[in-house]
Amino acid sequence: MSKLRLTISMSLDGFVAGPGQSVDHPLGIGGMRLHQWVFGLAVWRAMHGLPSGEVNESTPVVEESLANIGASVMGRNMFGGHPGAWDAEKPWNGWWGRNPPFHHPVFVLTHYAREPLELEGGTTFRFVTGGIEPALEQARRAAGGKDVSLGGGANAARQYLGAGLVDEMRINLVPTLLGSGERLFDGVGDDLHGLELVRTVAAPNVTHLEFARR
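Residues numbered from 1 in each chain as written. Predicted model: local features only at pLDDT ≥ 70, side-chain atom pairs only at ≥ 80, totals over all residues. Heavy atoms only, no water.

A. Structural context of the overall build of the chain. Across its full length, the chain holds six helices and 11 strands. A compact globule built from 214 residues would reach a C-alpha radius of gyration of about 17 Å, and the chain, at 16 Å, matches this within 12%. Expressed along its principal axes, the backbone C-alpha trace of the chain runs to roughly 45 × 40 × 35 Å. For the chain, with 214 residues in total, the buried portion stands at 44%. In the chain, 63% of the contacts between residues at least 6 apart in sequence involve partners at least 24 apart. Accessible surface computed for the chain: about 10,600 Å², of which carbon and sulfur atoms make up 52%. Separation of charge centres in the chain, based on 18 positive and 22 negative side chains, amounts to 2 Å. (Helix = DSSP H or I, 4+ residues; strand = E, 2+ residues; numbered from the N terminus. Rg over C-alpha atoms; globule rule 2.2 N^0.38 Å. Buried < 20%, exposed > 50% of the residue type's maximum accessible area, 1.4 Å probe, protein only. Contact = heavy atoms within 4.5 Å. Areas by Shrake-Rupley, 256 points an atom, 1.4 Å probe, with all protein chains shown as cover. Lys, Arg positive; Asp, Glu negative; His and termini not counted. Charge placed at Lys NZ, Arg CZ, Asp CG, Glu CD.)

B. The arrangement of the nonpolar core in detail. Grouped together as the largest cluster of nonpolar side chains are 29 residues, with contacts concentrated most on Leu6, Val73, Tyr160, Val166, Met169, Ile171 and Leu184. Elements with a contribution of two residues or more to this core: strand S1 (4-11), strand S3 (69-75), strand S4 (105-109), helix H5 (132-143), strand S7 (147-150), helix H6 (154-162), strand S8 (168-174) and strand S11 (206-213). Beyond its immediate stretch of four places on either side in the chain, Met169 contacts Leu6, Leu161, Phe185, Leu192, Leu195, Leu209, Glu210 and Phe211. (Core = buried A, V, L, I, M, F, W, Y, C linked by side-chain atoms within 4.5 Å.)

C. Expanded view of the pairing of S1. Burial within S1 is extensive, with seven of its eight residues counted as buried. The sheet contact formed by S1 and S7 spans three bridges and is parallel. Bridging across to S7, Leu4 finds its partner in Val148. As paired elements, S1 and S8 share seven bridges and run parallel to each other. In the sheet register, Ile8 faces S8, and the bridge partner there is Ile171. (Pairing = 2+ DSSP bridges.)

D. Structural context of the pattern of salt bridges. For the coordinates displayed, the defined rule picks out 11 salt bridges. The closest approach of N and O atoms between Asp147 and Arg5, which form a salt bridge, is 3.0 Å. Of the two residues, Asp147 sits in strand S7 while Arg5 sits in strand S1, which places them 142 residues apart along the sequence. Looking at Asp147, the relative accessible area reads 10%, which means it is buried. For Arg5, a relative accessible area of 5% corresponds to the buried category. (Salt bridge = Lys/Arg side-chain N within 4 Å of Asp/Glu carboxyl O.)

E. Region of interest: the pairing of strand S6 (residues 124-128). Counted residue by residue, S6 has four buried out of five residues, so it is predominantly covered. Bridge count between S4 and S6: five bridges; the pairing is parallel. Residue pairing across strands places Phe107 opposite Arg126, the latter belonging to S6. As judged from the two bridges shared by strand S5 (residues 117-118) and S6, these two strands associate in the antiparallel manner. From the neighbouring strand, Leu117 faces S6, where its bridge partner is Phe125. In sequence, S5 turns back onto S6 through a hairpin of five residues, with Gly121 there showing a positive phi of about 80°.

Written out as structure tokens, the structure is:
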């Protein structure tokens, strides 16, 4: 069976997004600092159609996180837009423009039904109202034997972690403090549900912690 692989960036004080998430601040106030380490990498820039970039110790970690992914699951906050029901007159179509970097099916956890959103490059967003397990089942079928990526946000990640459904977890630990916002492990307790630390990679401005189910 394909694996569910969580990749997420986190501050030293445990936050994966800053306070005040909104359309103007999709990662919350200060949350963009959690991802500065990746923006200059050649592998990330190539995904977004940008030239050049650097190669460092983070490069193979990012490449591994992208390898053998056939579908993704994300929460409503990661997909973005206003809270509540979808606006039929001005539909929110994500942060990524007409050609998102996924290039595979993406399943969005939401309380509000919506028709699939097909964009360029092979990315189709499908909106799942039945909860985390139906979303994962659909993603695994769509992945065709490949793994499923779980990108967050915090609430979606917590639900899958708490249910013991995450097979691999990469935490990109960034040496910054956000003070408040969305914590990854709130309510999860003291049980990683079989996940154990298997590798640590030190890189410029980030430390990668990799966990796997033994």
